[in-house]
Protein chains: 2
Amino acid sequence: MSAVVAGAGLAGSLIAVYLARHGHRVTVLERRPDPRSPGARERGRSINLGLSQRGIQALRGVGLLEALEPLTVPMRGRVVHGPDGALRFQPYGRRADQVLHSVLRHDLNVLLVAEAERLGVTFHWDTPVREVDSTVPSVRTDTGEHAADLVIGADGAFSTVRARLGRARRMDLHQEFLEWGYKELLIPAGADGHPRTELRALHVWPGDEGLIVAHPNVDGSLTATVFLPFEGEAGFAGLTTPERVRSFFARCFPDTLDLIPDLVRQFLDHQEASLVTVRTSPWHLPGGAGGVVLLGDAAHAVYPFFGQGMNSAFEDCSVLDRCLREHPADLPTALAAFERARRPHTDVLAELSKRNFVELRDKVRSPLFLARKKADLLLHRCFPRAWVPLYTLISHTTVPYGEALARARRQDRLLGGATAALTGVALAAAVHQTRERNR
Amino acid sequence: MSAVVAGAGLAGSLIAVYLARHGHRVTVLERRPDPRSPGARERGRSINLGLSQRGIQALRGVGLLEALEPLTVPMRGRVVHGPDGALRFQPYGRRADQVLHSVLRHDLNVLLVAEAERLGVTFHWDTPVREVDSTVPSVRTDTGEHAADLVIGADGAFSTVRARLGRARRMDLHQEFLEWGYKELLIPAGADGHPRTELRALHVWPGDEGLIVAHPNVDGSLTATVFLPFEGEAGFAGLTTPERVRSFFARCFPDTLDLIPDLVRQFLDHQEASLVTVRTSPWHLPGGAGGVVLLGDAAHAVYPFFGQGMNSAFEDCSVLDRCLREHPADLPTALAAFERARRPHTDVLAELSKRNFVELRDKVRSPLFLARKKADLLLHRCFPRAWVPLYTLISHTTVPYGEALARARRQDRLLGGATAALTGVALAAAVHQTRERNR
């Protein structure tokens, strides 16, 4: 089989590796330059990545976990920074595999591209897709036409493949921007070379005016992503002078001014970026002997608040690989099976990722919410198999997203019932006390 | 003020007329050839149009109603064709102005283009938009750059202006295709030159397997639009042989075979088209001294089942004109006021248009539904001002769509309450009877 992959990002280069390992002829077209070229690391910009169970499984499937290990920092839990500077550590779990792995998108991308090339994949850099013909199927670039049995659109949230297909065929598209955006700031290692804060954890500064998440890097620095509204005085539109930036961070995230000595300069220098949710349907169109299929962000971009963007894209690769192996002589059936297996679950992920934004922003200081979270974790500790919190199901298992949500909802109902029962007992006790007193 | 309008369709040419009447310099860019050129009428394809109150008001605003009159056929009500061939006439209302006016898109378009040209508007035909820069604002075509105070995207459901803006700015987009499409068939006038069926009405063939709507033409013919599922044996995908087409129509719409002698040939020759709902936000982006704004289908394409696509686009034109006159020295404020005034209402229209599809397909044979419709109409006849059915509010008034829906909901609740009360009385009576009998 021959395949043309549009996009040499994380999803595109991993699916190229999967296909090449099965002996397929793979060509990858990428509009950007080779990530291994000088200066490419600096040009790139991204939210740092937390590799979790789904991504790990997909990388294990192509034998890349060991090569990756030195590029990652394990995160054993979450350090929550309070507005008073107080720190609270929440471990992800007690089991050794309940950790996330922080990695730079660029480093992971270079590893995957190099592996694909080693397996015989041809990369065309600086080669944007111009047109897609799903009936051949083929992709046209400025330098020529690339026909293949299978065309894969792995070209990101603003996929050109998707746009070109949508023009010719009936494709639903839902594209929604968050009214908040983000900027990245670097928390450098200390002057002595040691990290300025706990390195083996994800750092979170929740809040209703802004959120920060920081991932550790192997060199002892951390990359902080600051999420703020675009509009308003306390948004990117308003925070345009050193005084305003300094007083905003002093008020909302006081300890960041110690962790990032040049915070104000970095904040004013760096460009803000936007966050988008994309759902589309269908993901695949049959054509010729095979067809066209979308995967990763091209098929289902999500907000980053559940840390599942890359992980779900990698899971797409392993599921598509499985479907192709299950239907080796029938590409259209394999593509239909892939979409059927994945789309309901990534739709759930999109909703969960939106919900987690609201949780991080609004609920994280609500006593009732925190009490339920605590009960959830406590029950997991008591019944580690029977009771698994949603976050654990999403990040530390490969239970499909939709099933994870259904299970969490059942648990939630139980917890709600238990809370109601406990409230009832407490009320009854109070009434009893009052009565006794009144006697 | 100077304005560049992308699209010389119905919305684009009407807004050009509005602007030119106020002395603004207007340039219109259109990717298609001049509709007045030879063969243009035959090349065009569209659902026939029913001009209702909102569209009439907008055309009255530029003094075009009289010139339009000879191009239209008044429709005084709906003729419903039953599966047994039985006909039922439902008048739109008893007032003389409660009629719709059937018109060919092409004829109306030519009228508007000629009027715009008469007022000094410059048209560039065969000139697709390539890029839009909202910061100038300006539009680039293959032949040059057109800068203006105001750029208007009136280039339809698959608007290039919208796509170009969305690439650069955060614009939400929801694009949903119906799983049904349509084909147009011509019901010719009889051999004696007389119409083959009642001409001064809209004809409807409801049904759950397919729908037909037919609009009269001034020459005594009618244009029928056949709506069917794309997929399945009884959909466009399956109806590919003369036998299948004939037996499908004989079963579902028997009288059409008499009305359209060459139905089978027409059905097999004509191309099917798709139906899309588009919602987007924002509609306007400030830039330079003014900005860019979308209107008509570019801003809010809807399914045709409420007959409001053109009417709402025309209403956009009169509302935008009003906003521009209310804020003559402040274009960005005028554009913001326009979007604020319109978007909530066209969002409602999109939902109503979806709902009307379901009604036409599924509910039109439900006795409960029909009983409620009848009660609705009866109440309107008794209390013509106090009680106005939703269809009347949408088609025969200019009450904003959102307010029309809110009012209809209040009436619905009353009707529901009345139904419940009547049921209660009937039950009580039955119980009373039973008791009496048991004495």
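We now turn to the structure provided with this report. The shown structure was predicted, so the numbers you read here are calculated from the model rather than taken from an experiment.

Calculation notes
In this convention, every chain numbers its residues from 1, walking through the sequence in written order. Chains carry letters and ligands carry numbers; both start at the beginning, A for chains and 1 for ligands, and go up in the order they are written. Residue-level local features of this predicted model are given only where pLDDT is at least 70; pairs of side-chain atoms are given and counted only at 80 or more, and the full residue set underlies all totals for whole chains, interfaces and linings. The side-chain figures draw on all heavy atoms in the structure; neither hydrogens nor water molecules are used. Each helix corresponds to a stretch of at least 4 residues labelled H or I by DSSP, and each strand to a stretch of at least 2 residues labelled E; elements are numbered beginning at the N terminus. The globule rule is 2.2 Å times the number of residues to the power 0.38, and the radius of gyration it is compared with is taken over C-alpha atoms. Remark: exposure states derive from per-residue accessible area (1.4 Å probe, protein chains only) relative to the maximum for the residue type, with buried under 20%, exposed over 50%, and partly exposed in between. For this analysis, residues touch if any pair of their heavy atoms sits within 4.5 Å. When the copies are overlaid, the least-squares fit takes in C-alpha atoms only where the residue has pLDDT of at least 70 in both copies. Buried area is a sum: the accessible area each of two parts loses on coming together, probed at 1.4 Å, counted once for each and added. Just to be clear on terms, a salt bridge is a Lys or Arg side-chain nitrogen sitting within 4 Å of an Asp or Glu carboxyl oxygen. DSSP calls a pair of strands paired once it identifies at least 2 bridges connecting them. The angle between two axes is taken between their N-to-C directions and runs from 0 to 180 degrees, where each axis is a line fitted to C-alpha atoms and a helix contributes only its stretch in contact. By the definition adopted for this analysis, an angle is roughly parallel if under 35 degrees, roughly antiparallel if over 145, roughly perpendicular if from 65 to 115, and oblique otherwise. Should the near helix be turned anticlockwise from the far one by less than a right angle, the crossing is left-handed, and should it be turned clockwise, the crossing is right-handed. Residue type decides the class: Asp, Glu, Lys and Arg count as charged, Ala, Val, Leu, Ile, Met, Phe, Trp, Tyr, Cys and Pro as nonpolar, and the leftover types, Gly among them, as polar. Here a polar contact means two N or O atoms within 3.5 Å. Within protein one must be a hydrogen donor candidate and the other an acceptor candidate, and residues neighboring in sequence count only if both atoms are side-chain atoms. Paired rings are identified among Phe, Tyr and Trp, the last through its six-membered ring, by centres lying within 6.5 Å, and are further divided according to the angle between planes into stacked (under 30 degrees), edge-to-face (over 60) and tilted (the rest). Look at NZ for Lys and CZ for Arg. If either is within 6 Å of the ring centre and within 35 degrees of the ring normal, a charge sits over the ring.

When you go through chain A residue by residue, the secondary structure sums to 15 helices and 19 strands. Against the compact-globule benchmark of 22 Å for 439 residues, chain A has a radius of gyration of 24 Å, which places it among compact chains. Across its three principal directions, the C-alpha atoms of chain A cover 90 × 50 × 40 Å. For chain A, the residues scored as buried account for 52% of the 439 residues in total. Nonlocal contacts in chain A, meaning residues at least 24 apart in sequence, comprise 71% of its contacts between residues at least 6 apart.

Time to look at the relation of the copies chain A and chain B. Placing chain A over chain B gives an RMSD of 0.0 Å and needs a rotation angle of 180°, together with 0.0 Å of translation along the axis. The superposition operator between the copies reduces to a two-fold rotation axis. Identified as the residue of chain A closest to the rotation axis by C-alpha distance is His174 of chain A, at 2.2 Å. A share of 92% of the interface residues of chain A reappears at the interface of chain B, consistent with the copies meeting face to face through the same patch.

Before going further, it helps to examine the interface of chain A and chain B. At the interface, 13 residues of chain A touch 12 residues of chain B. Across the interface of chain A and chain B, roughly 1,200 Å² is buried in total on both sides, 48% from carbon and sulfur atoms. Taken as a group, Arg170, Gln175 and Phe177 of chain A account for 45% of the area that chain A buries against chain B, more than any other trio of residues on that side. Summed over the shared surface of chain A and chain B, the result is 2 salt bridges.

Moving on, we get to the pairing of strand β12 (residues 150-153) of chain B. All names here are of chain B. What you see with β12 is no split at all: Leu150 and Ile152 on one side and Val151 and Gly153 on the other are buried throughout. Where β12 lies against strand β19 (residues 290-294), 4 bridges are found, and the strand directions are parallel. From the neighbouring strand, Ile152 faces β19, where its bridge partner is Val293.

Before going further, it helps to spend a moment on the sheet that holds strand β18 (residues 284-287) of chain A. All names here are of chain A. Strand order in the open sheet formed by 6 strands is β8-β2-β1-β12-β19-β18, and the pairing between neighbours is mixed. With one partner strand each, in any of the chains shown, β8 (122-124) and β18 form the two edges of the open sheet. On average, each strand axis in the sheet is inclined to that of its neighbour by 15°, with strand direction left out of account. As paired elements, β18 and strand β19 (residues 290-294) share 4 bridges and run antiparallel to each other. The residue of β19 that forms the bridge with Pro286 is Gly291. Contacting β1 (2-6), β2 (25-29) and β12 (150-153), helix α1 (residues 10-21) crosses the sheet at an angle of about 170° to β2. This element, helix α6 (residues 160-168), spans β1, β12, β18 and β19 of the sheet and lies at about 120° to β19.

Moving on, we get to the packing of helix α11 (residues 309-326) of chain B against helix α12 (residues 331-363) of chain B. All names here are of chain B. Packing of α11 against α12 brings their axes to within 9 Å, and their N-to-C directions diverge by 150°. In terms of orientation, α11 lies roughly antiparallel with respect to α12. Handedness of the crossing formed by α11 with α12: right-handed. On the side of α11, the interface is formed by Ser312, Glu315, Asp316, Val319, Leu320, Arg322, Cys323 and Leu324, while α12 contributes Leu331, Ala334, Leu335, Ala337, Phe338, Ala341, Arg342, Thr346 and Leu349. Of the residues contributing to the contact of α11 with α12, the split by class is 11 nonpolar, 2 polar and 4 charged.

Another aspect to go through is the side chain of His174 of chain A. By the element assignment, His174 of chain A lies in strand β13 (residues 172-187). On the basis of relative accessible area, His174 of chain A is assigned to the buried category, the value being 15%. Side chain to side chain, His174 of chain A and His174 of chain B meet in a polar contact 2.8 Å long. Apart from residues lying up to four places away in sequence, His174 of chain A is in contact with Thr277, Val278 and Arg279 of chain A together with Leu173, His174, Gln175 and Glu176 of chain B.

Let us look at the pattern of salt bridges. For the coordinates displayed, the defined rule picks out 40 salt bridges over all chains. Between Glu209 of chain B and Arg251 of chain B there is a salt bridge, and its shortest N-O distance comes to 2.6 Å. Placement of the pair is Glu209 of chain B in the loop between β14 (202-205) and β15 (211-216) and Arg251 of chain B in helix α7 (residues 242-252), with a sequence separation of 42 residues. Through salt bridges with shared partners, a single ionic network connects Arg54, Glu315, Asp316 and Arg342 of chain A.

The next subject is the packing of α1 of chain A against helix α5 (residues 105-118) of chain A. Residue and element names in this part refer to chain A. Packing of α1 against α5 brings their axes to within 9 Å, and their N-to-C directions diverge by 25°. One way to sum up the angle between α1 and α5 is to call them roughly parallel. The way α1 lies across α5 gives a crossing that is left-handed. Along the contact surface, α1 presents Leu10, Ser13, Leu14, Ala16 and Val17, while α5 presents Arg105, Leu108, Asn109, Leu112, Val113, Glu115 and Ala116.

For the rest of this paragraph, the subject is the sheet that holds β19 of chain B. All names here are of chain B. Here 6 strands make up an open sheet; going across it, the order is β8-β2-β1-β12-β19-β18 and the pairing mixed. Both outer strands of the open sheet, β8 (122-124) and β18 (284-287), are each paired with one neighbouring strand and no more. Neighbouring strand axes in the sheet, compared pairwise and without regard to direction, differ in orientation by 15° on average. Most of the contacts of helix α6 (residues 160-168) go to β19, to which it runs at about 120°, and overall it touches β1 (2-6), β12, β18 and β19.

For the structure shown, the criterion picks out 32 aromatic pairs over all chains. On the basis of an interplanar angle of 90° and a centroid distance of 5.5 Å, the ring pair of Phe248 of chain A and Phe249 of chain A is categorised as edge-to-face. Taking relative accessible area as the criterion, Phe249 of chain A reaches 0% and is therefore assigned buried. With a centroid separation of 6.3 Å and an interplanar angle of 75°, the aromatic rings of Tyr303 of chain A and Phe305 of chain A are classed as edge-to-face. Note on Tyr303 of chain A: relative accessible area 4%, which makes it buried. With relative accessibility at 8%, the residue Phe305 of chain A sits in the buried group. The rings of Trp180, Tyr182, Phe227, Tyr303, Phe305 and Phe357 of chain A are connected pair by pair, giving a single aromatic cluster. Sitting over the ring of Phe267 of chain A, Lys183 of chain A keeps its end group 4.1 Å from the ring centre. Positioned over the ring face of Tyr401 of chain B is Arg54 of chain B, at 4.2 Å from the centre of the ring.

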